[in-house]
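Report on the structure
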Amino acid sequence: QVQLVESGGGLVQPGGSLRLSCAASGSIFSIYTMGWYRQAPGKQRELVATITSGGSTNYADSVKGRSTIYRDNAKNTVYLQMNSLKPEDTDVYYCNAEFRTTRWADLRNGWGQGTQVTVSS
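Residues numbered from 1 in each chain as written. Predicted model: local features only at pLDDT ≥ 70, side-chain atom pairs only at ≥ 80, totals over all residues. Heavy atoms only, no water.

Take the sheet that holds strand 7 (residues 67-72) next. One open sheet accounts for four strands, arranged 1-3-8-7; its pairing is antiparallel. Taken across any chain shown, the strands that pair with only one partner, and hence form the sheet edges, are strand 1 (2-7) and strand 7. For this sheet the average axis-to-axis angle between neighbouring strands, irrespective of direction, equals 15 degrees. As paired elements, strand 1 and strand 3 (residues 18-26) share six bridges and run antiparallel to each other. Each residue of the ladder has a partner; that of Gln3, found in strand 3, is Ser25. (Pairing = 2+ DSSP bridges. Helix = DSSP H or I, 4+ residues; strand = E, 2+ residues; numbered from the N terminus. Axes fitted to C-alpha atoms, helices over the stretch in contact; angles between N-to-C directions.)

Pasting the structure below:
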């Protein structure tokens, strides 16, 4: 069993900053790509940013230049630093990770429970 637990969401004023964290725990042999996605009510979940185990990053155009994804492999934790936040960044943010529980296990994909980010004055 592998758990992904997010933290760091909340209410912030436009132009403000937040840092989201997601820690993976449980029966983990190795974690590969980790990422953040967001979803508004009634809409599809969309990519925010991803980072590979080697540190290569990918960002949605909507957050590029305002957000930084990074990870601490020793802690199995991924972070999303979001700056210059806009009301349209308001969403539930979900952590995602690809992992194996043993060297020979199939690659699996897991999601966190989500954390609410609200940008409003």
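Resuming the write-up.
With that settled, the discussion passes to the nonpolar core. For soluble globular proteins, the rule of thumb is that nonpolar side chains tend to be buried together. Trp36, Ile69, Val78, Leu80, Met82 and Tyr93 are the most contacted members of the largest nonpolar core, which has 26 residues in total. Of all the secondary-structure elements, those providing two or more residues to this core are strand 3, strand 4 (30-39), strand 5 (46-51), strand 8 (77-82), strand 9 (91-100) and strand 11 (115-119). In this view, Val78 contacts Leu20, Ser21, Cys22, Met34, Trp36, Ile51, Ile69, Tyr70, Arg71 and Cys95; residues no more than four positions away in its chain are not counted. (Core = buried A, V, L, I, M, F, W, Y, C linked by side-chain atoms within 4.5 Å. Buried < 20%, exposed > 50% of the residue type's maximum accessible area, 1.4 Å probe, protein only. Contact = heavy atoms within 4.5 Å.)

Turning our eyes to something else, we now look at the environment of Ser56. Mapped onto the elements of the fold, Ser56 is located in the loop between strand 5 and strand 6 (57-59). Once the C-alpha coordinates of Ser56 and Ile69 are considered, the two residues, 13 residues apart in sequence, prove to be 9.8 Å apart. Those residues within four positions of Ser56 in sequence are excluded, and the remaining contacts are Thr50 and Ile51.

Now for the packing of aromatic side chains. In this structure the tally under the stated criterion is two aromatic pairs. Taking 5.1 Å as the distance between ring centres and 70 degrees as the angle between the ring planes, the aromatic pair formed by Tyr37 and Trp111 counts as edge-to-face. Of this pair, Tyr37 sits in strand 4 while Trp111 sits in strand 10 (residues 108-111), and the two are 74 residues apart along the sequence. Given the relative accessible area of 39%, Trp111 is considered partly exposed. Summarising the aromatic geometry, the rings of Tyr70 and Tyr79 are spaced 4.9 Å apart at their centres and angled 20 degrees between planes, so their arrangement reads as stacked. A cation over an aromatic ring shows up here: Arg45 above the ring of Tyr94, its NZ or CZ 3.6 Å from the ring centre. Seen from the ring of Trp111, Arg45 lies directly overhead, with NZ or CZ sitting 4.6 Å from the centre. (Phe/Tyr/Trp six-rings, centres within 6.5 Å; stacked < 30°, edge-to-face > 60°. Lys NZ or Arg CZ within 6 Å of the ring centre and 35° of its normal.)

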